[in-house]
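Below, each chain spelled out in residue letters.
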Number of protein chains: 2
Amino acid sequence: MAKKEIVAGIDIGGTNTIFGFVDRSGTILAEDRLRTNHYEEIEVYVATLYEKIVVASHKIREDINIIGFGIGAPMGNINKGTIEHAAGLPWKGIVPLGEIFQRHTTLPVVVTNDANAAAVGEMIYGGARGMKNFVVITLGTGLGSGFVIDGKLVYGHDGFAGEIGHTAIRPGPSNRDCGCGRKGCLETYVSATGLKRSLLKIMADSIEPSELRSYSFDELDAEIIHNAAKKGDYLAKRAFEHTGRMLGFKLADVVAHTNPEAIFLFGGLALAKDLIFEPAQKYMEENLLSIYKGKVKLLPSELSTQNAAVLGASSLIWTLKESKS
Amino acid sequence: MAKKEIVAGIDIGGTNTIFGFVDRSGTILAEDRLRTNHYEEIEVYVATLYEKIVVASHKIREDINIIGFGIGAPMGNINKGTIEHAAGLPWKGIVPLGEIFQRHTTLPVVVTNDANAAAVGEMIYGGARGMKNFVVITLGTGLGSGFVIDGKLVYGHDGFAGEIGHTAIRPGPSNRDCGCGRKGCLETYVSATGLKRSLLKIMADSIEPSELRSYSFDELDAEIIHNAAKKGDYLAKRAFEHTGRMLGFKLADVVAHTNPEAIFLFGGLALAKDLIFEPAQKYMEENLLSIYKGKVKLLPSELSTQNAAVLGASSLIWTLKESKS
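So, here's what we can say about the structure.

1. Describing the overall build of chain A
Looking only at helices and strands, chain A features eight helices and 13 strands. Its C-alpha atoms give chain A principal-axis dimensions of roughly 65 × 45 × 35 Å. Sorting the 325 residues of chain A into buried and exposed places 60% on the buried side. Intrachain contacts of chain A at a sequence separation of at least 6 include 62% that bridge at least 24 residues. Only carbon and sulfur atoms are counted for the fraction: they give 51% of the accessible area of chain A, which is about 13,100 Å². Of note, chain A has its 35 positive side-chain charges centred 3 Å away from the centre of its 37 negative side-chain charges.

2. A few points about the sheet that holds strand E7 (residues 94-95) of chain A
Residues and elements named next belong to chain A. Pairing within the open sheet is antiparallel, and its three strands lie in the order E5-E6-E7. Among the strands making up the open sheet, the edge pair consists of strand E5 (76-77) and E7. Both strand E6 (residues 82-84) and E7 contribute to a ladder of two bridges, which runs antiparallel. For Ile83, the partnering residue across the bridge sits in E7 and is Val95.

3. Looking at the relation of the copies chain A and chain B
For the pair chain A and chain B, the best superposition has an RMSD of 0.0 Å and corresponds to a rotation of 180° with a translation of 0.0 Å parallel to the axis. Viewed as a symmetry operation, the transformation between the two copies matches a two-fold axis. Take the interface residues of chain A: 100% of them recur as interface residues in chain B, which is what a same-surface contact looks like.

4. Quick notes on the interface of chain A and chain B
Facing the 43 residues of chain A at the interface are 43 residues of chain B. Buried surface at the junction of chain A and chain B, both sides included, amounts to about 3,600 Å², of which 60% is carbon and sulfur. Scanning the region where chain A abuts chain B turns up four salt bridges. A salt bridge links Lys152 of chain A to Asp150 of chain B; the shortest N-O distance between them is 3.1 Å. Summed over the shared surface of chain A and chain B, the number is 20 residue pairs in polar contact (both at pLDDT 80 or more). A per-class count over the side of chain A that touches chain B returns 19 nonpolar, 13 polar and eleven charged.

5. Details of unusual backbone geometry
Residue and element names in this part refer to chain A. In this structure, His85 is a non-glycine residue whose phi angle is positive, near 50°. Locating His85 in the fold gives a position in the loop between E6 and E7. Given a relative accessible area of 31%, His85 falls into the partly exposed group.

6. Considering the pattern of salt bridges
Residue and element names in this part refer to chain A. Scanning the model with the defined rule gives 22 salt bridges over all chains in all. A salt bridge links Asp205 to Lys201, with the nearest nitrogen and oxygen atoms 2.8 Å apart. You can see Asp205 and its partner Lys201 sitting in helix H4 (residues 192-205), four residues apart, about one turn around the helix. Bridged by salt links that share partners, the residues Lys4, Asp23 and Glu62 form one connected network.

7. Some words on the state of the cysteines
One pass over the structure, following the stated rule, counts zero disulfides over all chains. Summary of cysteine pairing: Cys178 of chain B is not part of a disulfide, and the nearest cysteine sulfur, belonging to Cys180 of chain B, is at 3.7 Å.

8. Some words on the packing of aromatic side chains
All names here are of chain B. Summed over the entire model, instances satisfying the criterion amount to 16 aromatic pairs over all chains. Consider the rings of Tyr50 and Phe69, whose centres lie 5.9 Å apart with planes at 50°: the pair is tilted. Highlighted residues: Tyr50 in helix H1 (residues 42-58) and Phe69 in strand E4 (residues 64-73), separated in sequence by 19 residues. By the burial criterion, Tyr50 is buried, and Phe69 matches it.

9. Considerations on helix H6 (residues 234-258) of chain A
Residues and elements named next belong to chain A. The end-to-end C-alpha separation of H6 is 36 Å, in line with the 36 Å expected for 25 residues at 1.5 Å each. With 20 of its 25 residues buried, H6 lies for the most part within the structure. Near the N-terminus of H6, the side chain that reaches the backbone nitrogen of Leu235, with its oxygen 3.1 Å away, is that of Asp233.

10. Re the side chain of Asp253 of chain A
The residue Asp253 of chain A is located in helix H6 in this model. When residues no more than four places from it in sequence are discounted, the contact partners of Asp253 of chain A are Thr167, Ala168 and Lys250 of chain B.

11. Quick look at the nonpolar core
Looking at soluble globular proteins, one finds that nonpolar side chains tend to be buried together. Formed by 178 residues in total, the largest nonpolar core has its most connected members in Phe101 and Ile263 of chain A together with Phe101 and Ile263 of chain B. Judged by nonpolar contacts, the second largest core, of 20 residues, contains Ala119, Ala262, Val310 and Leu311 of chain A.

12. A few points about the environment of Ile12 of chain A
Residue and element names in this part refer to chain A. Here Ile12 is to be found in strand E1 (residues 4-12). The class of Ile12 is buried, set by a relative accessible area of 0%. Separated by 191 residues in sequence, Ile12 and Met203 have C-alpha atoms that sit 32 Å apart. What Ile12 contacts, discounting residues up to four positions off in sequence, is Thr17, Thr36, Tyr45, Ile71, Gly72, Ala73, Pro74, Leu89, Trp91, Leu97 and Asp114.

13. Concerning the packing of H4 of chain A against H6 of chain A
Residues and elements named next belong to chain A. It is the contact of H4 with H6, at a shortest axis distance of 9 Å, that shows an interaxial angle of 125°. In terms of their interaxial angle, H4 and H6 are classed as oblique. Considering how the two elements wind past one another, H4 and H6 form a crossing that is right-handed. Residue-level inspection shows Leu195, Ser198, Leu199, Ile202 and Met203 of H4 in contact with H6, the latter providing Leu235, Ala236, Arg238, Ala239, Phe240, His242 and Thr243. Residues that form the contact of H4 with H6 fall into these classes: eight nonpolar, three polar and one charged.

14. Considering helix H1 (residues 42-58) of chain A
Residue and element names in this part refer to chain A. Between its terminal C-alpha atoms H1 stretches 25 Å, which fits the 24 Å expected from 17 residues at 1.5 Å a residue. Among the residues of H1, those classed as buried are Ile42, Tyr45, Val46, Leu49, Tyr50, Ile53, Ala56 and Ser57. Projected down its long axis, H1 carries its buried residues within an arc of 130°, all on one side. More than 90 degrees from the buried face of H1, the exposed residues found are Glu51 and His58.

15. Quick look at the environment of Ser198 of chain A
Residues and elements named next belong to chain A. As for its placement among the helices and strands, Ser198 is situated in helix H4. In this structure Ser198 comes out as buried when scored by relative accessible area, which is 1%. In sequence terms Ser198 and Lys321 are 123 residues apart; their C-alpha atoms lie 45 Å from each other. In this structure, Ser198 is in contact with Arg176, Tyr189 and His242, ignoring residues within four places of it in sequence. At a separation of 3.2 Å, a polar atom in the side chain of Ser198 contacts the side chain of Arg176.

16. Let's talk about the side chain of Thr17 of chain A
Along the polypeptide, Thr17 of chain A turns up in strand E2 (residues 16-22). When residues no more than four places from it in sequence are discounted, the contact partners of Thr17 of chain A are Ile10, Asp11, Ile12, Asp32, Arg33, Leu34, Thr36, Tyr45 and Leu49 of chain A.

Conventions and cut-offs
Residues numbered from 1 in each chain as written. Chains lettered and ligands numbered in written order. Predicted model: local features only at pLDDT ≥ 70, side-chain atom pairs only at ≥ 80, totals over all residues. Heavy atoms only, no water. Helix = DSSP H or I, 4+ residues; strand = E, 2+ residues; numbered from the N terminus. Buried < 20%, exposed > 50% of the residue type's maximum accessible area, 1.4 Å probe, protein only. Contact = heavy atoms within 4.5 Å. Areas by Shrake-Rupley, 256 points an atom, 1.4 Å probe, with all protein chains shown as cover. Lys, Arg positive; Asp, Glu negative; His and termini not counted. Charge placed at Lys NZ, Arg CZ, Asp CG, Glu CD. Pairing = 2+ DSSP bridges. Least-squares fit on C-alpha atoms with pLDDT ≥ 70 in both. Buried area = accessible area lost by both parts, 1.4 Å probe. Salt bridge = Lys/Arg side-chain N within 4 Å of Asp/Glu carboxyl O. Polar contact = N/O pair within 3.5 Å; in protein donor to acceptor, adjacent residues only side chain to side chain. Nonpolar A, V, L, I, M, F, W, Y, C, P; charged D, E, K, R; others polar. Disulfide = S-S within 2.5 Å. Phe/Tyr/Trp six-rings, centres within 6.5 Å; stacked < 30°, edge-to-face > 60°. Expected span 1.5 Å × (residues − 1). Core = buried A, V, L, I, M, F, W, Y, C linked by side-chain atoms within 4.5 Å. Axes fitted to C-alpha atoms, helices over the stretch in contact; angles between N-to-C directions. Parallel < 35°, antiparallel > 145°, perpendicular 65-115°, else oblique. Left-handed = near helix turned anticlockwise from the far one by under 90°. Arc of directions from axis to C-beta.

In short, the description is geometric, and any link to function would need to be established separately.
Following this line, the structure appears as structure tokens:
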């Protein structure tokens, strides 16, 4: 029997890197991960990642044939195979990720923005099936976005479309510092990190008691704040409300650019459901121009949290293969 | 000899409506105009416009055959032939412009956003020839925008993409009222009207002498302020600087959405050249994420001020004709 063709889909996030072995139908045969932020040297990171992929592939019981590596990463550039000035990653400047990865293999390696990969995943396997115009917002350590227009992912002239995490929500010198070197970017408010920052600000301004006062900034994460909010913690609920409000406000701008049918929220923060969706929906509607009001759906991704990016990354290789044959 | 096929291209602006008779090569055989804001009744406006077009067509010496009417209007919707909630026009709510116009003729009538029409005009006849990804910003009484991605105009799911004039530059209840019913929209700062508003604010805050202090708000227009600035008037120069700064700040956001190769400025304010381009370029670059810095061209439209919209509007009919034959 012929070996089963498989793509390794790799999703590089600020905290974790997740990879999976994906077949043509979108089934993930196996998955593993490593900590992105444990590797300061990109060469060491890539060598470790490649090694882990090889080891994991040997554990799969089916007879498989890996045909390529699809990589989604913040600021990943499909034209050049680079990661450029990714604020949330340990490697600064322009990183030739594709080239370094290619030292380990002769198989095709394709790099793109992690949010673009998620958007393709949503279109092929998720809630955007059949939609021609939609946006995916990924809420992780940072905030990414992927725009689909007329059924095609928008790359833009230089391959960097959809970086709305770095549009200003509040311009001005007294604003939150962003890892990109500027101030007041959307992702300083709307992301797991942004949620933590808002919580600390609210904690500083308020005298409400909260179990979260016993956590350090480093210890806090979106899940801890989410769990506290579910138990009714006032500060946690206010932090989510603030985050959703900032998101909703910006989504009204996004709609005025490309007039999508739907906006999908994807990633850790989106799992907080109503805590984030309610204020986001409310403030989006409040800020929409009347021609758009009530027309744009705000939806949770229909893909499991991490899989969309892995699936999306893998789809790049299937697309490549099928365009050549 | 066969009659020459001609399209009537109509550009509806907040102040003036301009129409022209355009042949397939983009030559405008004749042009005329009427005052948009003199007509409170849409039916009277359309009847007068149609009458004027017929009269003007009879003055053309060539033997012509009008094959359709292409109309560009603020908030014009190509799917429904409507104008919807256009802040700068005298008619409120949803106006069935195409339907009313069609009462006068059996020829095809196509309605679209005036800025979308300008973008098509720029692509076919202007500085965007050969470009696949660009944005046109129209600076008139209000601010419009048209996005071209992968060589195609973006309409969006409901036909309303590209309304960045109504994205917030400064959110908040104490901000400038916009004709759309909200506050702090980009066009309350960046448009001929926005320039006047900024001038008045600066005039109120400053004690600098200025010839502009002798004009009422109603008397002022962009041309008067432009002429004063050219003569060195301090308040006029500051008003342009402020307008350009707000524009540049927002253009950095536009780039983060669709990563265009170029942004074209079109319309009355763009004629002020360096007065608007210098601050816009400076603040756009300052606010761009590093991956975009130095890569996006900010250019004046290569079409004469009003012609692009007329040409763009006319091109809708040529496209329609050629898709049918």
